[in-house]
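# Per-entry structural report
Here is what each chain is made of, one letter per residue.
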Amino acid sequence: MSETATSTPLGLAGRLRQVAAASVGNAIEWYDWYTYTFLATTFGPLIFPSHSPVASALSTFAVFAVGFFMRPIGGLLLGSVADRFGRRTALTVTILLMGFGSLLVGIVPTYTAVGVLAPIILVLARLISGLSIGGEFAASTTFLVESAGPRRRGLFASFQYVSTTIGQLIASGLSALLVGVLSEHAMTGWGWRIPFLLGAVLALFGLWLRRGVRETKQVAATERPRFYEALVRFPKQSLLIVGITVGGTIAYYSWTAYLPTYAQQNHGFDKGESLIVSTIALAFFAIIQPLGGMLSDRIGRKPMLLVFSGGFTVLTVPLLMLLTDSFGVMLAITLVGMILLTGYTSIAAAINAEIFPARVRASGIGFPYSLAVALFGGTAPYMGTLFKSLGHAGLFPYYIAGLCAVSFVVYLFLTETAKKPLEV
């Protein structure tokens, strides 16, 4: 048999070990990605010199978006590695790539020192990171869901975003600490490099943790799927994943990554306080993910998705219109978004994995999911900053609401997958 990882089922301790290994590695992967987001306005002018802070931010977030456009390639390439050679092999490759990308950002010289070579190095680093994260989601999603029991797929899948959020928390907390402790001169001189260099070290730790996990899918050399098999044989499922992801990704990256910058740009919100708000909100978000996953195992995936997308469609514009420079208001708006967002994030890995058979599950998920994220999630900071630079910052909330409405329509026609066995 080609798709049998082990002759004996995993017990509770074994399943927890699988979750821990995948989650820790995923957290390290995303720590680097969000460190870039949180510190972009600090190091951006050093790499992209400009007399306009908005133009500098636009250039920095454009590189952020470029990295996202490597995600579909990573999802396809490394997803195929996971389907052809096993999930564990793919997870090893992704974390090595992320460590190298983080190291490059940490040592990138400034524009003043090397001229145009500085932004070239930064772009290369984000391309490597984007490739890694595209493969990471595909491999870790399938790994987590395949490690779960038949009635715990939602719970296990929720740790995809628990671990992502832990990475964000570390990035946000460390960024807030550096901004609070270091002077502005020290922060722009060398302080912003510390988190990226630490990310490279943590990637090695993640590599060590992933060495001992049990493979969830083994394939004989003669039965490995073709590179494009998922796209060719399952085009409807690929389009379905795009529709499922559109609303979730724009809401997720707008609320967890761009909202602090949005508040700074449009309401003069204090940079240090915005990082504190992010840290508090992300801790809350991580705690409620397993609750959302367990709830979906009981009531199904579809009700959760409808509440999420309907809530963001109706409430995004009013919530962002209420935003001021008040700490309490900012925190309240962020927390409301986190609660609604859990209807998507806690089950995204589960529902994606439940759509494809095991033979092409990783590559089937990786490409369409990463493509949707690249088009609508990775560009969220860029679009928000672009609306601001054009003098129409108030249009960005409508942009978020519109894309969530698209996914709401998709969810209405979605077939429930929570109670069905995984396809082998």
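Counting starts from 1 at the beginning of each chain's written sequence and moves along it residue by residue. This being a predicted model, a pLDDT of at least 70 is required before a residue's local features are given, and a value of 80 or more before pairs of side-chain atoms are given or counted; all residues contribute to the totals for chains, interfaces and linings. The basis for every side-chain value is the complete set of non-hydrogen atoms in the structure, without hydrogens or water.

The name an unreviewed UniProt entry gives the protein chain is Putative proline/betaine transporter, with Actinocatenispora thailandica as the organism. UniProt positions are given in the numbering used here, feature names are shortened, and annotations may be inferred rather than shown by experiment. Taken directly from UniProt, the Sequence similarities (unreviewed entry) text for the protein chain runs: "Belongs to the major facilitator superfamily. Metabolite:H+ Symporter (MHS) family (TC 2.A.1.6) family." Of the comments in the UniProt record for the protein chain, the one headed Subcellular location (unreviewed entry) reads "Cell membrane".

Only DSSP runs of H or I with at least four residues qualify as helices, and only runs of E with at least two residues qualify as strands; both kinds are numbered from the N terminus onward. Check the secondary structure of the protein chain and you find 18 helices and 0 strands. As defined in this context, the radius of gyration uses C-alpha atoms, and a globule is described by 2.2 Å times the residue total to the power 0.38. At 20 Å, the protein chain has a C-alpha radius of gyration in line with the 22 Å of a compact globule built from 424 residues. Only heavy atoms enter the contact rule, under which two residues are in contact if any of them lie within 4.5 Å. For the protein chain, contacts bridging at least 24 residues in sequence account for 88% of all contacts bridging at least 6. The protein chains shown are the only cover counted for residues, whose accessible areas, like all others here, come from Shrake-Rupley with a 1.4 Å probe. Accessible area for the protein chain stands at about 16000 Å²; split by element, carbon and sulfur atoms hold 71% of it.

Once that is clear, we can look at the packing of aromatic side chains. Centre distance within 6.5 Å is the pairing criterion for rings of Phe, Tyr and Trp, where only the six-membered ring of Trp is used; planes under 30 degrees apart are then read as stacked, over 60 as edge-to-face, and the remainder as tilted. Applying the stated rule across the entire model yields 19 aromatic pairs. The interplanar angle of 90 degrees and the centroid separation of 5.3 Å between the aromatic rings of Trp 255 and Phe 312 together place this pair among those described as edge-to-face. Of this pair, Trp 255 sits in helix 11 (residues 235-267) while Phe 312 sits in helix 13 (residues 301-321), placing them 57 residues apart in sequence. Only protein chains enter the accessibility calculation, which uses a 1.4 Å probe. A residue is then buried if its area is under 20% of the maximum for its type, exposed if over 50%, and partly exposed in between. On the accessibility criterion, Phe 312 (2% relative accessible area) is buried. Pairing Tyr 258 with Phe 396 gives two aromatic rings, centres 5.5 Å apart and planes at 80 degrees, and the pair type is edge-to-face. Of this pair, Tyr 258 sits in helix 11 while Phe 396 sits in helix 18 (residues 396-412), and the two are 138 residues apart along the sequence. Assessed through its relative accessible area of 1%, Tyr 258 is described here as buried. Taken together, the ring pairs in this structure connect Tyr 258, Tyr 262, Phe 387, Phe 396 and Tyr 399 into an aromatic cluster.

Turning our eyes to something else, we now look at a positive patch on the surface. A residue counts toward a patch only above 30% relative accessible area and without a salt bridge, and it is joined to like-charged neighbours within 9 Å or, for Val, Leu, Ile, Met, Phe, Trp and Tyr, to nonpolar neighbours within 5 Å. Think of a salt bridge as a Lys or Arg side-chain nitrogen and an Asp or Glu carboxyl oxygen that are within 4 Å of each other. In summary, the charge assignment counts Lys and Arg as positive and Asp and Glu as negative, without counting His or the chain termini. Charge placement uses NZ in Lys and CZ in Arg. For Asp and Glu, CG and CD serve respectively. Judged by side-chain charge, Arg 151, Arg 152, Arg 298 and Lys 419 come together as a positively charged surface patch. Mapped onto the fold, Arg 152 is located in the loop between helix 6 (117-147) and helix 7 (153-181).

On to a nonpolar patch on the surface. Taken together, the side chains of Tyr 111, Val 114, Val 116, Leu 117 and Ile 120 make up a nonpolar region of the molecular surface, amounting to roughly 430 Å² of accessible area. Judged by its relative accessible area of 41%, Leu 117 is partly exposed.

If you check helix 3 (residues 71-85), its first and last C-alpha atoms are 20 Å apart, about what 15 residues at 1.5 Å a residue would give, namely 21 Å. Among the residues making up helix 3, those that are buried are Arg 71, Pro 72, Gly 74, Gly 75, Leu 76, Leu 78, Gly 79, Ser 80, Ala 82 and Asp 83. Looking one or two residues beyond helix 3, the residue adopting positive phi is Gly 86, at roughly 110 degrees. By this rule the span expected of a helix is its residue count minus one, scaled by 1.5 Å.

By the secondary structure assignment, Arg 361 is in helix 16 (residues 361-377). Given the relative accessible area of 1%, Arg 361 is considered buried. Excluding residues within four positions of it along the chain, Arg 361 makes contact with Asp 83, Arg 87, Thr 142, Glu 146, Ala 353, Phe 356, Leu 422 and Glu 423.

Here we take up the packing of helix 3 against helix 16. When two helices pack together, their arrangement is given by the angle between the helix axes and the distance between those axes. Packing of helix 3 against helix 16 leaves a shortest axis separation of 7 Å and a crossing angle of 170 degrees. Taken together, the axis directions place helix 3 and helix 16 in an arrangement best described as roughly antiparallel. The segment helix 3 lies against helix 16, with Arg 71, Pro 72, Gly 75, Leu 76, Gly 79, Ser 80, Ala 82 and Asp 83 engaging Arg 361, Ala 362, Ser 363, Gly 364, Gly 366, Phe 367, Tyr 369, Ser 370, Leu 371, Val 373 and Ala 374. Side-chain classes are defined by residue name, with Ala, Val, Leu, Ile, Met, Phe, Trp, Tyr, Cys and Pro counting as nonpolar, Asp, Glu, Lys and Arg as charged, and the others, Gly among them, as polar. The residue inventory of the contact of helix 3 with helix 16, partitioned by class, reads 9 nonpolar, 7 polar and 3 charged. All axes are obtained by fitting lines to C-alpha atoms, using only the stretch in contact for helices, and the reported angles, taken between N-to-C directions, cover 0 to 180 degrees. Any angle between 65 and 115 degrees counts as roughly perpendicular, while under 35 counts as roughly parallel, over 145 as roughly antiparallel, and the rest as oblique.

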